[in-house]
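Take a look at the letters that make up each chain.
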Amino acid sequence: MSEYQLIVIGAGPGGYMAALQGAKHGLKTAVVEAREAGGTCLNRGCIPTKTLLHSSEIFSAAKNAEHAGIKVSGIEADIPAIFANKKQVSETLSAGIEGLFKKAKVDLIRGKATITAADCIDVTDAEGNVTAYTADNILIATGSVPAMPLIPGLDLDGVMNSDALLEGADHLYESIVIIGGGVIGVEFATFFSELGTKVTVIEGLDRLLPNLDKELGQNLAQLLKKQGVSICTGAMVKEVRKAEGGLEVIFTAKNAENSAVGEVVLCAIGRRPYTEGLFVPGLEIEMKGRSIAVDENFETSIKGVYAIGDVSAKIQLAHVATAQGIACVDHIAGKKSEVDLSIVPSCIYCRPEIASVGMTDAEAKAAGINAKVGKCVMHGNGRTLIAGAGRSFMKVVANADTREIIGAQMMCVNSTDMISQLSEAIANHLTAADLLRAMRPHPTFEEALTEALEDLEAKLG
């Protein structure tokens, strides 16, 4: 008989929620984690970056408060203190997860796990001691790590990935070059530019946030440029080399060679699944590119071994990992999961925030769907004017044949807190008319949604 009914490898959002779900189902459960509970999201990703962005938002709001009748002098950003606050928030939340494990009677095993068979793992602790454990089911939730392309010079001092940058600094950088204009890149660009750092963003595709609605990336670029950020799109990095004043990034754009110099360089081109040392040599598992291949129940090619989150999912988001972890453990426990994994909201914490869910109108039309779009540009929204939030808008996409909402894109203050109602609308096959039955309070940012829905209804006829 196995020691455990479920062993989860990795205590990130997917792993720790899967373990707690296992305990709810009465499974004897353990979690193996070599680092802090909470994984990348809590310690080196979502939470730390949002904590930093909260600090820079306060700084920027105070520095630029004269329009609201507030004059502030002598303001400065204490970088060590900002990063110390970031660390404290992460440590508090991490300790909270460990408390949840204790309450649920989930065993937390410290060390690095290696799967040696379908029902067995070895765990190597910090001192190098190896202990074997057996389990009826093994769930891999090892997440991802920053990807580093094969570009000459990325090994130079001063070139960092997001993990290294989040470790902190003893001073505010005078300048930074960010390679990558996706979510990670634009959030760090927002943080540093708000504190006064000279920022350059280099993106290989034709716009920022290339995986989202085109208008979102275009508008964000305009807003960042107003803050003094240099944006270079359609640019391919060739090399990073030492230069006077720091590091020089050489890139080509529009068939011409260009360069940007920064005190430091951040490589933020994305993340890759983390599988190093996960399987003992000779134990074969089916892969899909760099990801672990799984079926509809998250089971790998090894029966009884499952994988969820960044290590196997197409979409690398904490809430996707959480949903998959819960659904996977429900399946293991013989229960039907009610988690809908087809609707995934995306959130970017720039200024103003960006949130989207479902299909864009371009994606809908490419899929052969007769799509209509309702839009509200929020220049007349009271809260937006009060906040001085700059260009903001909401778009809602519907299938013109069924009238059902199939997507939404928002670029406005608090959009990340409002997107869930659109996710719910898509999940429940609601129409614009259905959502218009709700009364939205005044004055709020959310009022703009009513205008976007009314515009959509008019276009649907």
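The rules behind each value
Residues numbered from 1 in each chain as written. Predicted model: local features only at pLDDT ≥ 70, side-chain atom pairs only at ≥ 80, totals over all residues. Heavy atoms only, no water. Helix = DSSP H or I, 4+ residues; strand = E, 2+ residues; numbered from the N terminus. Rg over C-alpha atoms; globule rule 2.2 N^0.38 Å. Contact = heavy atoms within 4.5 Å. Areas by Shrake-Rupley, 256 points an atom, 1.4 Å probe, with all protein chains shown as cover. Lys, Arg positive; Asp, Glu negative; His and termini not counted. Charge placed at Lys NZ, Arg CZ, Asp CG, Glu CD. Pairing = 2+ DSSP bridges. Phe/Tyr/Trp six-rings, centres within 6.5 Å; stacked < 30°, edge-to-face > 60°. Buried < 20%, exposed > 50% of the residue type's maximum accessible area, 1.4 Å probe, protein only. Axes fitted to C-alpha atoms, helices over the stretch in contact; angles between N-to-C directions.

Within the protein chain, the secondary structure is distributed over 13 helices and 24 strands. Taken over the C-alpha trace, the protein chain has a radius of gyration of 24 Å; the compact-globule value for 461 residues is 23 Å, and the two agree within 12%. For the protein chain, the spread of C-alpha atoms along the three principal axes comes to 70 × 60 × 45 Å. Taking as baseline every contact in the protein chain between residues at least 6 positions apart, the subset at least 24 positions apart corresponds to 63%. For the protein chain, the accessible surface area stands at approximately 21500 Å², while carbon and sulfur atoms represent 51% of it. The average position of the 42 basic charges and that of the 56 acidic charges among the side chains of the protein chain differ by 4 Å.

With that settled, the discussion passes to the pairing of strand E4 (residues 112-117). Regular strands show a simple pattern: their side chains alternate between the two faces of the sheet. Pairing analysis gives 5 bridges linking E4 to strand E5 (residues 120-124), with the strands arranged antiparallel. Across the sheet, residue isoleucine 115 finds its bridge partner in E5, namely isoleucine 121.

Tallied over the full model, the rule gives 3 aromatic pairs. Between phenylalanine 83 and phenylalanine 191, the ring centres sit 6.5 Å apart and the planes meet at 85°, which makes this aromatic pair edge-to-face. Of the two residues, phenylalanine 83 sits in helix H4 (residues 79-104) while phenylalanine 191 sits in helix H6 (residues 183-195), which places them 108 residues apart along the sequence. For the residue pair phenylalanine 83 and phenylalanine 191, the accessibility class agrees, reading buried in each case.

Time to look at the sheet that holds strand E13 (residues 246-253). The antiparallel open sheet is built from 3 strands, whose spatial order is E12-E13-E14. Edge positions in the sheet fall to strand E12 (235-243) and strand E14 (256-262), since each has one partner strand and no second. Going across the sheet, the axis of each strand differs from the next one's by a mean of 25°, ignoring polarity. Here E12 pairs with E13 via 8 bridges, running antiparallel. Bridge pairing in E13 places lysine 242 opposite leucine 247.

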